[in-house]
Amino acid sequence: MQAATLLGAALLLASCAPADEAKTAPASATVEELGQMNRDFAAALNAKDAALAASYYAEDAVVIPPGQAMVQGRAAIEAFWKAGIEQGGVRDASVETIKAESSGDIGYEIGSFVLTVNGPDGNPVQEHGRYIELLKRGADGKWYSTAGIWNAAPAAAP
């Protein structure tokens, strides 16, 4: 009798566990969904709205700008982009997703960007580069950057 009860309990658990997990496991995101965070971010930079740009980062996010110290936390990231807009003269930003994947609520995006800023003489200069964003889906279903790093793209061959 005890063996039958244990066998019955084991069969019940085995048949219920995968179904319960399937119901709670979040679906993977599409490349389009994962890239939306950076497209929205670029639009915020173009609108010269540092607060909106920072809103696409998690509260505890980290960005690692090229040749600079890490910037930690949404408030510090907002201040970083505000300075870039005001002092660097960010004029136009665009991004293109190269690759993006997710598993549940965690994902990443690899992409390229073009950013127009003020050059030393005040004339516009285009900067081309690449980036990686580590993403996490928020409770609202949107993707937020938890960590980002970017650098300049190599110069085009003559």
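Structure: above.
Residues numbered from 1 in each chain as written. Predicted model: local features only at pLDDT ≥ 70, side-chain atom pairs only at ≥ 80, totals over all residues. Heavy atoms only, no water.

Asks: Explain the pairing of strand E1 (residues 57–64) here, please?
Replies: Remember that side chains alternate between the two faces of the sheet whenever the strand is regular. Where E1 meets strand E6 (residues 143–152), four bridges bridge the pair, whose relative direction is parallel. Bridging across to E6, valine 62 finds its partner in alanine 147. One ladder, built from two bridges, connects E1 with strand E2 (residues 71–72); its direction is antiparallel. For valine 62, the partnering residue across the bridge sits in E2 and is glutamine 72. (Pairing = 2+ DSSP bridges. Helix = DSSP H or I, 4+ residues; strand = E, 2+ residues; numbered from the N terminus.)

Asks: Explain the nonpolar core to me, please; I cannot follow it from the model alone.
Replies: Taken as a class, soluble globular proteins show a tendency for nonpolar side chains to be buried jointly. Judged by nonpolar contacts, the single largest core of 30 residues is most densely connected at Phe41, Leu45, Tyr57, Ile77, Trp81 and Trp150. Going through the elements one at a time, helix H2 (31–46), helix H3 (50–54), E1, helix H4 (74–87), strand E3 (92–103), strand E4 (106–118), strand E5 (124–137) and E6 are the ones with two or more residues in this core. In this structure tryptophan 81 touches Phe41, Leu45, Ala50, Tyr57 and Trp150, once residues within four positions along its chain are discounted. (Core = buried A, V, L, I, M, F, W, Y, C linked by side-chain atoms within 4.5 Å. Buried < 20%, exposed > 50% of the residue type's maximum accessible area, 1.4 Å probe, protein only. Contact = heavy atoms within 4.5 Å.)

Asks: Looking at this model, I keep getting lost on H4. Mind explaining?
Replies: The terminal C-alpha atoms of H4 lie 20 Å apart, and with 14 residues this matches the ideal 20 Å at 1.5 Å per residue to within 8%. Listing the buried residues of H4 in full gives Ile77, Phe80, Trp81 and Ile85. For H4, the angular spread of the buried residues around the axis is 130°, confining them to a single face. Away from its buried face by more than 90 degrees, H4 exposes Ala75, Glu86 and Gln87. Where H4 terminates, the next one or two residues include glycine 89, which has phi positive at roughly 65°. (Expected span 1.5 Å × (residues − 1). Arc of directions from axis to C-beta.)

Geometric descriptors of this kind do not, in isolation, establish any biological role.
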